[in-house]
Amino acid sequence: MRFEVFRDAWGVPHLRAGDALSLAYGQGYVTAVDRAWQIEVERHRVLGTSAAFLGAEAAGWDRFARRARLADTARRCHAALDEDTRTWLDAYTEGIGAGLQAATAPEFARAGIEPGAWEPWTALGIWLSTHVLFAGFPAKLWRDEVVRRLGREAVELFATDGPGTCGSNGWLVDGTRSASGAPLIAGDPHRFIEDPGVYQQIRLACPEFDVAGLAVPGVPGIGHFGHAGGVAWAITNAMADYQDLYRERLRRTPDGGVEAFGPDGWERAHAHEEAGVEVVETGRGVVVIGGPGESGAEGEGISLRQPARVHEDLGFAALPALLRARTVADVDRAFDRWAEPVNVVLAADTAGGLLHRVAGTVPDRDPENRLRVVPAWEERYAWRGRTEPLPRAAVDTGVAVMANERSLAAPLGVEFAPPHRARRITELLAGRPVWDADGMRSVHTDTLLPSAGPLLTLVEALDGEAIGVGALDGEALDGEALDREALGGEALGGETLDGLSPEAAALRGELLGWDRRMDADSALAAAYARVRAAVVRRVAAHGTLAPLTGLMPAYPDVFRPWLALVPRVAYGLENLLSLDTIPYEDRLAAVREAVEEVAAEPSGVTWGELHRLAPWQALPDPDAAWPGLDGDHDCVLSTSGVPGLTEFSARGPAARYVWDLADRANSRWIVPLGASGVPGDAHHRDQLPLWLRGELAPLVTDFALLTEEQHP
């Protein structure tokens, strides 16, 4: 198939072909050349074979991938595609195969493997494996433990976007608020930062369409963020709950099979062994935890039910439809075919059309399903079809904002991001009557931390009067005994503390005068973060939360990030310091001890020295020196560590974009590293300096300004 490849100054591929199928082939080819190692790692992750060359740390994921039947679900979804979508996908897959033959990624030699053959369904598998944990169904394991150990009312303490959740910012200003008179859409998806990056800047042009945007390497089209000239779109995670966990009773049969106890009694379950992993699937779903007992003994498991497997649909028919969209109405119809992940969508066109809606497949079922693990044998918890229609809203104020908060998708989920980012973006947009593409940088890079309020309120309350310490009782923290002295506490167990030391009093005054901006060069931001981390450790050690310690060993490795107490406390700290679950005196004592601890260890360290970029690499580079970052979890510039454990940031803006509907050539985009995934390539990390400064690269639209690249 014939196609042309052009590159801009940043190595971003711009493809041109005579028809859509040749263009899909070209996208596959270029993706394989630029990201061969990355997409091959993802292919192995779908198959559950990555530990063979990545090592034992990958074994937990591989076991989950096999038990969850990711590859089989991808096969089924591929078989169910309409003919046009399947043909388009097959052309992309063929291009991947050709590109892998031309790829020069050095990691293959380092890992001792060669690129493998792609199946027609591999791209669907990559989409599925990339997003299967995106909705955070393991959070139900956590909530189930919280309900059983502390009661239902305690769920609200941790009902926030936790350490395993990915979200985004996105906003739209209509023509009445833009300098050009046409809408602007801007934002930044927050995901785990990976090397190579999770998004691929690309442009796809043929007689039918000309779309620039951010693709997922290994998946055709431009699903999440795209600009087609006359119309543009963007998404954020809706934080909807669309996957369920069922508690299963399982037993072996005399012939070696497996039965599960469902609403109608014992029923035959599917069971087979795959590379030493027993794979069981009941009438509810695939068993991802536990399994049948031995020698006829009844066992317990937890099964996962997800729309992609139930409906054999990953929404891939939406992808070519989005490429062909000319208007907001076209985008709206394309997203009617979207499946997962469930997203909030913003779109605008040059004719004045605006769109703000939720898109995806959300099952209609009992509200209890969203909260926790439910019994498989009760008919009450069966799915009843799909939730329709999904929420949508009019853009009638000139501005629309989406930031994973509890708003448009509130009826569909349980855990949402705090409202800080959405409120701050709204406030920033209101502060200027007219916006242009360049001005959006000030929103992208805002570092104000509103969530610091409850902690600083307690810091202010440290007025030097005697304080009763209360019940920081040294219970085990995730299975490890606490050392009181290491936590900085000199007088625990109900004794009384006198006024602050001079050093602590000075630190208190500095924190109260802090501007609450998490700037990389700020020593006060670092001091606040150090106090916060010390408070997190103390709150996690409080006797009230002791029943939630030590949960991780009971669950498979892949789910443990959702079950560790310290990260849960870190992300829920605002609630824990504001509500009365932990007595006020104990909260105040924890803050007091934290301030004393930090004050006793003077440090001129800046926030950027603590808060460094820590991208995920399949083959880690131990010599890599990553830079410090502005921002924090609840800033608009959302860069997330895990206070109490590490300030290194593994999650942040995986891209930034500004789509200008007046002139696509005035649009901007950036990724954290670069267009190429090949170490040593000039474009491997050339965008990193701009990304760190909050700058964006121009979106070049004139092919005459691009450099043509020869290919076989």
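Along every chain, residues carry numbers that run from 1 in the direction the sequence is written. Per-residue local features of the predicted model are confined to residues with pLDDT of at least 70, and side-chain atom pairs are confined, for both listing and counting, to 80 or more; whole-chain, interface and lining totals are unaffected and use all residues. Values shown for side chains rest on all heavy atoms present in the structure; no hydrogens or waters enter the calculation.

S.K.: Can you help me understand the overall build of the protein in this one?
M.R.: Counting its secondary structure elements, the protein contains 22 helices and 26 strands. Taking 2.2 N^0.38 as the reference for a compact globule, 712 residues should give roughly 27 Å; the C-alpha atoms of the protein span a radius of gyration of 26 Å, in line with that estimate. Here the protein holds 712 residues, and the buried ones make up 62% of them. Restricting the contact set of the protein to residue pairs at least 6 apart, pairs at least 24 apart contribute 71%. Method for areas: the Shrake-Rupley scheme with a 1.4 Å probe, in which residue coverage is limited to the protein chains shown. Of the roughly 25300 Å² of accessible surface on the protein, 49% is carried by carbon and sulfur atoms. Residues counted as positive are Lys and Arg, residues counted as negative are Asp and Glu, and His and the chain ends are not counted. Every charge is mapped onto a representative atom, which is NZ of Lys, CZ of Arg, CG of Asp or CD of Glu. Positive and negative side-chain charges in the protein, numbering 67 and 103 respectively, have mean positions lying 4 Å apart. Secondary structure elements are taken from DSSP: a helix is a run of H or I of four residues or more, a strand is a run of E of two residues or more, and numbering for both begins at the N terminus. This radius of gyration counts C-alpha atoms alone. The globule rule is 2.2 Å times how many residues there are, raised to the power 0.38. For the exposure calls, accessible area comes from a 1.4 Å probe over protein chains only, and a residue counts as buried if that area is under 20% of its type's maximum, exposed if over 50%, partly exposed in between. Contact criterion: two residues are considered in contact whenever any of their non-hydrogen atoms come within 4.5 Å of each other.

S.K.: Would you mind going over the pairing of strand β5 (residues 200-206) with me for this structure?
M.R.: Remark: a regular strand shows side chains that alternate across the two faces of the sheet. For β5, the buried fraction is high: seven of the seven residues fall into the buried class. The side-chain alternation of β5 yields two buried faces, one formed by Q200, I202, L204 and C206 and the other by Q201, R203 and A205. In this sheet, β5 lies alongside strand β2 (residues 13-17) in parallel orientation, the contact comprising three bridges. Across the sheet, residue H14 finds its bridge partner in β5, namely R203. Two strands pair under a simple rule: DSSP has to find at least two bridges between them.

S.K.: Hey, could you run me through helix α17 (residues 523-540) in this one?
M.R.: The periodicity of an α-helix, 3.6 residues per turn, causes residues three or four places apart in sequence to face the same way. Helix span is expected to be 1.5 Å times the residue number reduced by one. Helix length check: α17 (18 residues) gives 26 Å between terminal C-alpha atoms against 26 Å at 1.5 Å per residue, within 8%. Most of α17 is tucked away: 14 of the 18 residues are buried. Its side-chain oxygen placed 3.3 Å from the backbone nitrogen of L524, S522 serves as the N-cap of α17. Distance and chemistry together define a polar contact, namely a pair of N or O atoms within 3.5 Å, with one atom able to donate a hydrogen and the other to accept it when in protein, and with adjacent residues in sequence counting only for side-chain atoms on both sides.

S.K.: Please clarify how the packing of aromatic side chains should be interpreted in this entry.
M.R.: Pairs of aromatic rings are described using the distance from one ring centre to the other and the angle between the two planes. Any two of the Phe, Tyr and Trp rings considered here, Trp counted by its six-membered ring, make a pair once their centres fall within 6.5 Å; the pair's planes then place it as stacked at under 30 degrees, edge-to-face at over 60, or tilted in between. Under the counting rule described, the total for this entry stands at 19 aromatic pairs. Residues F64 and F559 carry aromatic rings whose centres are separated by 5.7 Å and whose planes lie at 80° to one another, so their mutual orientation is edge-to-face. Placement of the pair is F64 in helix α3 (residues 59-67) and F559 in the loop between α17 and α18 (565-571), with a sequence separation of 495 residues. Across the pair, exposure class does not vary: F64 and F559 are buried alike. Among the aromatic residues, those joined into a cluster by ring pairs are Y199, F225, Y657, W659 and W669.

S.K.: Explain the sheet that holds strand β6 (residues 209-215) here, please?
M.R.: Hydrogen bonds between backbone atoms are what pair the strands of a sheet, whose relative direction is either parallel or antiparallel. With respect to topology, nine strands assemble into an open sheet ordered β16-β15-β8-β7-β6-β5-β2-β1-β26, the strand pairing being mixed. Whereas interior strands pair on both sides, the edge strands pair on one side only; in this sheet they are β16 (354-359) and β26 (707-709). The mean angle between the axes of side-by-side strands here comes to 20°, regardless of whether they run parallel or antiparallel. Sheet topology places strand β8 (residues 231-237) next to strand β15 (residues 343-349); seven bridges connect them, and they run antiparallel. Looking at the pairing, T236 lines up with V344 of β15. Axis definition: a line fit to C-alpha positions, over the contact stretch in the case of helices; interaxial angles, taken between N-to-C directions, run 0 to 180 degrees. The sheet contacts of helix α1 (residues 20-47) involve β1 (3-7), β2, β5 and β6, and relative to β2 the element is tilted by about 150°. Across the sheet, helix α11 (residues 328-335) touches β8, β15 and β16, and the angle it forms with β16 is around 0°.

S.K.: How do you make sense of the side chain of E405 when you look at a structure like this?
M.R.: On the secondary structure map, E405 appears in the loop between β18 (399-402) and α13 (420-430). With no salt bridge to any partner, buried E405 finds its closest opposite charge in R421, at an N-O distance of 6.7 Å. Side-chain polar atoms of E405 contact the backbone nitrogen of A403, separated by 2.8 Å. Here E405 is in contact with F416, A417, P418, P419 and A422, once residues within four sequence places are set aside. A carboxyl oxygen of Asp or Glu within 4 Å of a side-chain nitrogen of Lys or Arg is what we treat as a salt bridge.

S.K.: Any chance you could explain the pairing of β16 here in plain terms?
M.R.: Buried residues dominate β16, accounting for five of its six residues. Of the pairings in the sheet, the one linking β15 to β16 comprises six bridges and is antiparallel in character. The residue of β16 that forms the bridge with L346 is H356. Hairpin connection, β15 to β16: the antiparallel pair is bridged by four residues, and G352 has positive phi, about 95°.

S.K.: Looking at this structure, how should I read the nonpolar core?
M.R.: Generally speaking, nonpolar side chains in soluble globular proteins are found buried as a group. Residues belong to a common nonpolar core when they are buried Ala, Val, Leu, Ile, Met, Phe, Trp, Tyr or Cys residues joined through side-chain atoms within 4.5 Å. Formed by 210 residues in total, the largest nonpolar core has its most connected members in W37, F64, F316, L429 and V569. A per-element tally of this core places α1 first, with twelve residues. Residue contacts for W37: discarding those within four places in its chain leaves F53, L54, A105, E107, F108, A111, I113, A618 and L619. Formed by six residues, the second largest nonpolar core is a distinct cluster that contains L250, A260, A269 and V287.

S.K.: It is not clear to me how the pattern of salt bridges should be interpreted in this structure. Could you clarify?
M.R.: Counted according to the given criterion, the structure contains 55 salt bridges. In this structure, the salt-bridge partner of R143 is E415, at a minimum N-O distance of 3.0 Å. Of this pair, R143 sits in helix α8 (residues 139-150) while E415 is found in the loop between β18 and α13, placing the two residues 272 residues apart along the sequence. Both residues of the pair, R143 and E415, count as buried.

S.K.: I keep staring at the packing of helix α15 (residues 453-460) against helix α20 (residues 584-599) and nothing clicks. Help me out?
M.R.: As a packed pair, α15 and α20 sit with axes 9 Å apart at the nearest point and diverge in direction by 85°. In terms of their interaxial angle, α15 and α20 are classed as roughly perpendicular. For the pair α15 and α20, the contacting residues are L455, L458 and V459 in the first and Y584, R587, L588, V591 and V595 in the second. Split into classes, the residues belonging to the contact of α15 with α20 amount to seven nonpolar, no polar and one charged. Should an angle fall under 35 degrees it is taken as roughly parallel, and over 145 as roughly antiparallel, whereas 65 to 115 is taken as roughly perpendicular and any remaining angle as oblique. Residues are grouped as follows: Ala, Val, Leu, Ile, Met, Phe, Trp, Tyr, Cys and Pro are nonpolar; Asp, Glu, Lys and Arg are charged; all remaining types, including Gly, are polar.

S.K.: Explanation requested: helix α7 (residues 122-131) in the structure shown.
M.R.: Most of α7 sits out of view: nine of its ten residues are buried. Along α7, the residues that are buried comprise T122, A123, L124, G125, I126, W127, L128, S129 and H131. The elements touched by buried residues of α7 are α1, α3, α4 (70-79), α5 (83-102), β4 (184-192) and α9 (307-311).

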